[in-house]
Amino acid sequence: MTDTVRVVRTGEPVKVKPRRYDALISFVLRFLMLFVTWLILSGMFDAFHVSLGVACSAFVTWLSADIFPPEVRRFRKLRSLWLLTLYVPWLVWEIAKCNIRMLFLAFDPKLNDKIAPRIVTFKTGLRNELALTFLANSITMTPGTITVSIDERGYVSVHAFDEVSAAGLPGDMEKKIKAIFEEA
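A short tour of the structure in this document, coming up. (Residues numbered from 1 in each chain as written. Predicted model: local features only at pLDDT ≥ 70, side-chain atom pairs only at ≥ 80, totals over all residues. Heavy atoms only, no water.)

As a further point, take the packing of aromatic side chains. A full pass over the atoms with the stated rule returns four aromatic pairs. Centre to centre, the rings of Phe 59 and Trp 62 are 6.0 Å apart; their planes meet at 35°, and the pair counts as tilted. Residue Phe 59 and its partner Trp 62 are located together in helix α2 (residues 47-63), separated by three residues, close to a single helical turn. Residue class for Phe 59 comes out partly exposed when judged on its relative accessible area of 47%. Residue classification places Trp 62 among the exposed residues on the basis of a relative accessible area of 57%. The ring of Trp 90 is capped by Lys 176, whose NZ or CZ atom sits 5.0 Å from the centre of that ring. (Phe/Tyr/Trp six-rings, centres within 6.5 Å; stacked < 30°, edge-to-face > 60°. Helix = DSSP H or I, 4+ residues; strand = E, 2+ residues; numbered from the N terminus. Buried < 20%, exposed > 50% of the residue type's maximum accessible area, 1.4 Å probe, protein only. Lys NZ or Arg CZ within 6 Å of the ring centre and 35° of its normal.)

Here we take up the pattern of salt bridges. Under the criterion given, the structure shown has four salt bridges. Asp 108 is the salt-bridge partner of Lys 114, the closest N and O atoms lying 2.5 Å from each other. Two residues, Arg 153 and Asp 151, come together in a salt bridge whose shortest N-O distance is 2.9 Å. Look at Arg 153 and you get exposed, because its relative accessible area is 53%. With a relative accessible area of 21%, Asp 151 lands in the partly exposed category. (Salt bridge = Lys/Arg side-chain N within 4 Å of Asp/Glu carboxyl O.)

Okay, the pairing of strand β5 (residues 155-162) next. As defined by bridge partners, strand β3 (residues 115-123) adjoins β5 across seven bridges and the pair is classed as antiparallel. Residue pairing in the sheet places Thr 121 in a bridge with Ser 157 of β5. Two strands pair when backbone bridges link them, and strand β4 (residues 145-150) and β5 are joined in this way by five bridges, in the antiparallel orientation. Bridge pairing links Thr 145 to Ala 160 in β5. Once β4 ends, the chain turns through four residues before running back antiparallel as β5, passing Gly 154 with a positive phi of about 95°. (Pairing = 2+ DSSP bridges.)

Here we take up the nonpolar core. Counting 22 residues, the largest nonpolar core has Tyr 87, Phe 122, Leu 135, Ile 139, Met 173 and Ile 177 as its most contacted members. At the level of secondary structure, the elements contributing two or more residues to this core comprise α3 (78-106), β3, α5 (129-141), β5 and α7 (171-180). (Core = buried A, V, L, I, M, F, W, Y, C linked by side-chain atoms within 4.5 Å.)

Along the chain, Ser 157 turns up in strand β5. Within the structure, Ser 157 has its side chain in polar contact with the side chain of Thr 121 (distance 3.3 Å). Sequence-distant contacts of Ser 157, defined by excluding residues within four places in its chain, comprise Ile 119, Val 120, Thr 121, Ile 146, Thr 147, Val 148 and Ser 149. (Polar contact = N/O pair within 3.5 Å; in protein donor to acceptor, adjacent residues only side chain to side chain. Contact = heavy atoms within 4.5 Å.)

Moving on, we get to the sheet that holds β5. Sheet architecture is open: three strands sit in the order β3-β5-β4, paired in antiparallel fashion. At either margin of the open sheet sits one strand with a lone partner, and together these are β3 and β4. Within this sheet the neighbouring strands show an average axis-to-axis angle of 20°, counted without direction. (Axes fitted to C-alpha atoms, helices over the stretch in contact; angles between N-to-C directions.)

In this section: a nonpolar patch on the surface. On the surface, a nonpolar cluster with roughly 520 Å² of combined accessible area is contributed by Leu 34, Phe 59, Val 60, Trp 62 and Leu 63. Structurally, Leu 34 can be placed in helix α1 (residues 22-42). What makes Leu 34 partly exposed here is its relative accessible area of 32%. (Patch = residues over 30% accessible without salt bridge, like charges linked within 9 Å, V, L, I, M, F, W, Y side chains within 5 Å. Areas by Shrake-Rupley, 256 points an atom, 1.4 Å probe, with all protein chains shown as cover.)

Attention now moves to α2. Spanning 17 residues, α2 covers 24 Å between terminal C-alpha atoms, matching the ideal 24 Å at 1.5 Å per step. Restricting attention to buried positions, one finds in α2 the residues Gly 53, Ser 57 and Thr 61. Take α2 and look down its axis: the buried residues cluster within an arc of 55°, on one side only. In α2, the exposed positions angled more than 90 degrees off the buried face are occupied by Ala 47, Phe 48, Trp 62 and Leu 63. (Expected span 1.5 Å × (residues − 1). Arc of directions from axis to C-beta.)

Printed below as a string of structure tokens:
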């Protein structure tokens with residue numbers, strides 16, 4: 001089992017031994033997430049397809065065990081799980097809104113006047129490695145922004161397509177992730 005690295009306020013990496021059952025809980029949560037997705041996307045609930053879904057979900061979960069750190073301690077609390085459950089639809093809504101805005105921007109006859117690419121750098125209060133990953137991926141999934149880098153001091157660099165995209169950084173996304181991971 002690999003050790004995980006936690007970033008502390010001083011900025012020094014500290015080796016943290018995962019708790020005994022964290023890897024098992026992480027495995028089960030990833031399996032359930034994949035299996036539920038399989039059921040929803042396949043729409044087939046007969047014994048063959050369900051057993052095929054179980055086998056494929058278990059195989060992919062086993063295959064990706066080293067990719068995902070067993071950082072599930074944070075999600076053992078119901079409040080964190082609840083906030084994560086609320087965060088996902090909020091993020092999907094933000095992605096949809098930005099997609100529509102980018103679509104209108106792409107067909108705007110004055111497109112060249114409206115685009116203003118820039119790199120926006122801000123300091124985040126997030127210190128947990130998984131929280132930083134959530135922030136970086138959430139920013140990148142939102143059309144018009146791409147996370148370029150995050151350094152060990154908490155500085156995040158984001159490429160923004162236009163002024164509107166840049167104005168929303170870091171915004172509500174960081175606050176919601178901070179609440180999920182219970183960071184002050």
